[in-house]
Amino acid sequence: MNFKHKYVFLFPGLFVLIGILIFPIIFVVRLSLSGWNSYNGLNFIGLENYIRLFTDDPRFWESFIRLSFLSVTTVTLQYVIGFALAHMVWKEIKFQRFFRVLFLIPMMTTPVIMTVIWRTFFHESLGPVNDLLQIFDVAPKWLTDPTLAKITVIIVEVWQWTPFMFLLLLAGLLSLPKEPFLAAAIDGASPIRKFIYVTFPLMAPISIGAIIIRLIEASKIMDTVYVLTSGGPGTSTETSSFYIFIKGLREFQMGYAASMSFTYLIIMIISLTVIAKVLTKLLLKD
Amino acid sequence: MGKLYTFLKYFFITVWTVFVVAPFLWALTTSFKDFNSVNGGVTYIPWVDFEPNLEGWRVLIKSPAQGGVDIVEPYFNSLFVTCTASLVSIILGTLSAYALSRYTFKAGPIKNNDITFFFISQRIMPPIVLSIPFFLFLGAVNLLDSLFGLIVVYIVLLMPIAVWIMVDFFNKVPREIDETALIDGCNPYQAFYKVVLPNSIPGLIVAGMFCIIFGWIDFFFAFILTFTEVQLLPVKIVALNSSITPWWSLSASALVSVAPLIVVAFIVERYLSKGNLSGAIK
């Protein structure tokens, strides 16, 4: 029954999406098999781009490892801090609404624009951070030291996106059933035990969803790096997207950039599926 | 034990509040500075450390001919593109989500979950992967550097979010209300429009807010796909970040760009307190 109706509901959205995407996706695949320059346009060169990528480009793999490090670190920090914050404003607390709104706000700001502000914030001689650190007689080079630059990117990313985690986890906490908590209260469980044995297991499915969604978004990190450090100093904050951007739109090696994009996409889909499986196993033991 | 926890709780909340507020406060004071009070060393308090002036703010509404930046037009462009793309995404996404939640689809190995995953997976692609083909695609149909072209691209960006939120939401709206409406003589479209939709307003609002956030904060597509005819706010503001950075107007424009979304934060919080959002996100 209702054989026709279901298609009327599904197809407008599905076809608009496919209609817009079909050309770009086919084109990326075609482009990845081609060399491209302004003299003779698109010329088919088979798997040459892929061979170069897998045998002769350590920079791509380095940028990918760096990206993995950055996104795993930021998402872990966001999860821990976001959960802590959500747990703190979940129950009665003074100025509850004020804190809830305040903790959401960073997520509503445009990353590039706030990053410009952060750049002035971490400015070596004219920024307030180093001005206050003068008391301790240190002047860290936030943006030009290879290690510190990574930390600065992490700080900015955590500031920007912890609210997203906070929102999903708070929404989850507010939707939990009351009975398990009553039972725990009757048994006289301490707050820590209550958290470990009741709250955390109940939140596991929501946690997995939130972590996966954040990993998807975090792996696209680009705006922050572009404005804050432009991948520098050297290549110390260069992520995969940024390297593809440099190859594709700065050096105009479009075919090569396309083959990197395609490889990247496949690695991402596989690793996200694996991470989702592992997390489900770890957190949902029963 | 309880006291220590309370102390730690308020301590942590205070630290985080300072961290969240610090860049905004810095931007606010910087927006009232002039060249000397920025480059002469770090200053914090107006009237004490430096003499505040409104130049940073005034420059925003002056036309370029008068040495201004003129962010008014990019501002409305951004609002228009974000709202239109969000609206289209919500309409199409809600219809698809309703179909995926209520009916079963099967085409070979492809089932409902796979179609849902197809929608959501569009967000995995980094913008850079799509930006090059989109650039050529829009160029071919003459939509490069136009509002309409950007809206088309943003629909791809936002529809997955709408589908993701609405599928979960519809799964929680009891099927009985559709069935009752069908028995009462509605056709499936009337049942959807008259009965299901009015019951889904919280979900629609949350999905809408998310679309607006992710549309408003996008920089990369606007950066690649527009040049001079159409400029969006983030691109315009980042363009200020040139060799001699005018920190004051940069700060002022950053604050202006945050303003409309603060309203969104309040709306999201309102639905959160009512416990409605919890139905929409999971």
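Residues numbered from 1 in each chain as written. Chains lettered and ligands numbered in written order. Predicted model: local features only at pLDDT ≥ 70, side-chain atom pairs only at ≥ 80, totals over all residues.

A word on the overall build of chain B. Looking only at helices and strands, chain B features 14 helices and two strands. Its C-alpha atoms give chain B a radius of gyration of 24 Å, more than 25% over the compact-globule value 19 Å for 282 residues. Structurally, chain B occupies a C-alpha span of about 75 × 65 × 35 Å along its principal axes. Contacts in chain B between residues at least 24 apart in sequence constitute 74% of all its contacts with a sequence separation of at least 6. (Helix = DSSP H or I, 4+ residues; strand = E, 2+ residues; numbered from the N terminus. Rg over C-alpha atoms; globule rule 2.2 N^0.38 Å. Contact = placed C-beta atoms within 7 Å.)

It is worth spelling out the overall build of chain A at this point. Looking only at helices and strands, chain A has 12 helices and two strands in total. Expressed along its principal axes, the backbone C-alpha trace of chain A runs to roughly 75 × 75 × 30 Å. Per-residue burial over chain A gives 38% buried out of 286 residues. Taking as baseline every contact in chain A between residues at least 6 positions apart, the subset at least 24 positions apart corresponds to 70%. (Buried ≥ 20, exposed ≤ 12 C-beta atoms within 10 Å, placed from the backbone.)

Okay, the packing of helix 2 (residues 48-56) of chain A against helix 12 (residues 254-283) of chain A next. All names here are of chain A. Contact geometry of helix 2 with helix 12 gives a least axis separation of 9 Å together with a crossing angle of 65°. The angle between the axes of helix 2 and helix 12 places the two elements in the roughly perpendicular class. Seen from above, helix 2 lies across helix 12 with right-handed handedness. In this structure, helix 2 uses Asn49, Tyr50, Arg52 and Leu53 to contact helix 12, whose residues at the interface are Gly255, Tyr256, Ser259, Met260 and Thr263. Looking at side-chain class alone, the contact of helix 2 with helix 12 contains four nonpolar, four polar and one charged residues. (Axes fitted to C-alpha atoms, helices over the stretch in contact; angles between N-to-C directions. Parallel < 35°, antiparallel > 145°, perpendicular 65-115°, else oblique. Left-handed = near helix turned anticlockwise from the far one by under 90°. Nonpolar A, V, L, I, M, F, W, Y, C, P; charged D, E, K, R; others polar.)

On to the interface of chain B and chain A, then. Contacts between the two partners involve 74 residues from chain B and, on the opposite side, 70 residues from chain A. Of the residues in the side of chain B that touches chain A, the class split is 57 nonpolar, 13 polar and four charged.

Okay, the packing of helix 5 (residues 112-121) of chain B against helix 7 (residues 147-172) of chain B next. All names here are of chain B. Where helix 5 meets helix 7, the axes come as close as 7 Å, and the angle between the chain directions of the two elements is 140°. On the basis of the axis angle, helix 5 is oblique to helix 7. Judged by the sense of rotation from one axis to the other, the crossing of helix 5 with helix 7 is left-handed. Between helix 5 and helix 7, the contacting residues are Thr116, Phe119 and Ile120 on the first element and Met159, Pro160, Val163, Trp164 and Val167 on the second. Taken together, the residues of the contact of helix 5 with helix 7 break down into seven nonpolar, one polar and no charged.

With that settled, consider the environment of A:Gly13. Looking at where A:Gly13 falls in the secondary structure, it is placed in helix 1 (residues 3-32). Judged by C-beta crowding, with 26 C-beta atoms within 10 Å, A:Gly13 ranks as buried. Spatially, the C-alpha atom of A:Gly13 lies 38 Å from that of A:Ile117, the residues being 104 residues apart in sequence. With sequence-adjacent residues up to four places away left out, A:Gly13 is seen in contact with B:Leu92, B:Gly93, B:Leu95, B:Ser96 and B:Met159.

Right, let's talk about the domain arrangement of chain B for a bit. Buried accessible area, meaning the area lost when the parts come together, often serves as the stated size of an interface. When its domains are assigned, chain B resolves into domain 1 (2-66) and domain 2 (72-239). Taking only C-alpha atoms, the centre of domain 1 of chain B and the centre of domain 2 of chain B are 36 Å apart. (Domains from an automatic or database assignment.)

What follows is about the nonpolar core. If you look at the biggest cluster of nonpolar residues, it comprises 152 residues, and the most contacted ones within it are B:Leu158, B:Ala162, B:Ile213 and B:Leu225. The two domains that each donate at least three residues to this core are domain 1 (2-66) and domain 2 (72-239) of chain B. Ignoring anything within four residues of it in the chain, the contact list for B:Ile213 reads A:Met107, A:Met108, B:Leu261 and B:Val264. (Core = buried A, V, L, I, M, F, W, Y, C linked by C-beta atoms within 7 Å.)

What follows concerns helix 4 (residues 96-104) of chain A. By the burial criterion, the buried members of helix 4 of chain A are A:Arg100, A:Phe103 and A:Leu104. Buried residues of helix 4 of chain A, seen end-on, are gathered within an arc of 105° and therefore sit on one face of the element. (Arc of directions from axis to C-beta.)

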